[in-house]
Amino acid sequence: MENHRSSDWLYWTLAILFGIVAGFAHVRLNDSGLSVLIVTGTTMFLAYKRPTRIWRWAVVIGLSLPLATLVAYFAQYHPTLGMVVGSFAGTAFAIVGAIGGMFLRRVVTILFAKEETHQSR
């Protein structure tokens, strides 16, 4: 198993930034479709790049929508009930995206595996 701890900070930063973008699209743009697309695509990308412990990408990005809705509520924006329910539904799409990214990584690894060259003696 590879050790990626030294470069994981980049993916954690990307996850937080993607979560902020998804939360902004959900609350300020009031576009649930776009926010779910961002959540699904970014969790799939992060799970593809870092397929071990995919739950962390699903948690960070999946909880960005409810967190953005909570911040909007305390900022006197008062989101609608549909927006609140939709924010929790986005968590399910984060889980699906993370599993899909991990599965895609495995498929690509199997299909495009490099053949070992055998040296003749």
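Relevant structure appears above.
S.K.: Tell me what's going on with the overall build of the protein chain, and back it up with residues and numbers.
M.R.: From N to C terminus, the protein chain includes five helices and zero strands. Each helix and strand of the protein chain, placed in order from N terminus to C terminus, yields the pattern α-α-α-α-α. For the protein chain, the residues scored as buried account for 34% of the 121 residues in total. Accessible surface, the protein chain as shown: approximately 8,300 Å² in total, 69% of it carbon and sulfur.

S.K.: Describe unusual backbone geometry, and please don't skip the residues or the numbers.
M.R.: Even without glycine at this site, glutamine 76 takes up a positive phi of about 65°. Mapping glutamine 76 onto the fold places it in the loop between helix H4 (64-74) and helix H5 (81-111). With a phi angle near 50°, histidine 78 is a residue other than glycine that sits in the positive phi range. Relative to the helices and strands, histidine 78 is located in the loop between H4 and H5. For histidine 78, a relative accessible area of 45% corresponds to the partly exposed category.

S.K.: Report on the pattern of salt bridges, specifying residues and quantitative values.
M.R.: Any two side chains of opposite charge can pair if their charged atoms end up close together. One pass over the structure, following the stated rule, counts two salt bridges. The salt bridge partner of arginine 50 is aspartate 8, with a shortest N-O separation of 2.9 Å. Note that arginine 50 is positioned in the loop between helix H2 (32-49) and helix H3 (55-62) and aspartate 8 in helix H1 (residues 8-27), a separation of 42 residues in sequence. Taking the relative accessible area as the measure of exposure, aspartate 8 reaches 8% and is therefore buried. A salt bridge links arginine 56 to aspartate 8, with the nearest nitrogen and oxygen atoms 3.5 Å apart.

S.K.: Any chance you could break down the packing of H2 against H5 for me, citing the residues and the numbers?
M.R.: The packing of two helices is summarised by the inter-axis angle and the distance between the axes. Where H2 contacts H5, the two axes come as close as 7 Å, and the packing angle between them is 35°. Judged by the twist between their axes, the crossing of H2 over H5 is right-handed. Of the residues in H5, those touching H2 at Val36, Val39, Thr40, Thr43, Met44, Ala47, Tyr48 and Lys49 are Gly90, Phe93, Ala94, Gly97, Ala98, Gly100, Gly101, Met102, Leu104, Arg105 and Val108. Taken together, the residues that form the contact of H2 with H5 break down as 11 nonpolar, six polar and two charged.

About the criteria used
- Residues numbered from 1 in each chain as written.
- Predicted model: local features only at pLDDT ≥ 70, side-chain atom pairs only at ≥ 80, totals over all residues.
- Heavy atoms only, no water.
- Helix = DSSP H or I, 4+ residues; strand = E, 2+ residues; numbered from the N terminus.
- Buried < 20%, exposed > 50% of the residue type's maximum accessible area, 1.4 Å probe, protein only.
- Areas by Shrake-Rupley, 256 points an atom, 1.4 Å probe, with all protein chains shown as cover.
- Salt bridge = Lys/Arg side-chain N within 4 Å of Asp/Glu carboxyl O.
- Axes fitted to C-alpha atoms, helices over the stretch in contact; angles between N-to-C directions.
- Left-handed = near helix turned anticlockwise from the far one by under 90°.
- Contact = heavy atoms within 4.5 Å.
- Nonpolar A, V, L, I, M, F, W, Y, C, P; charged D, E, K, R; others polar.

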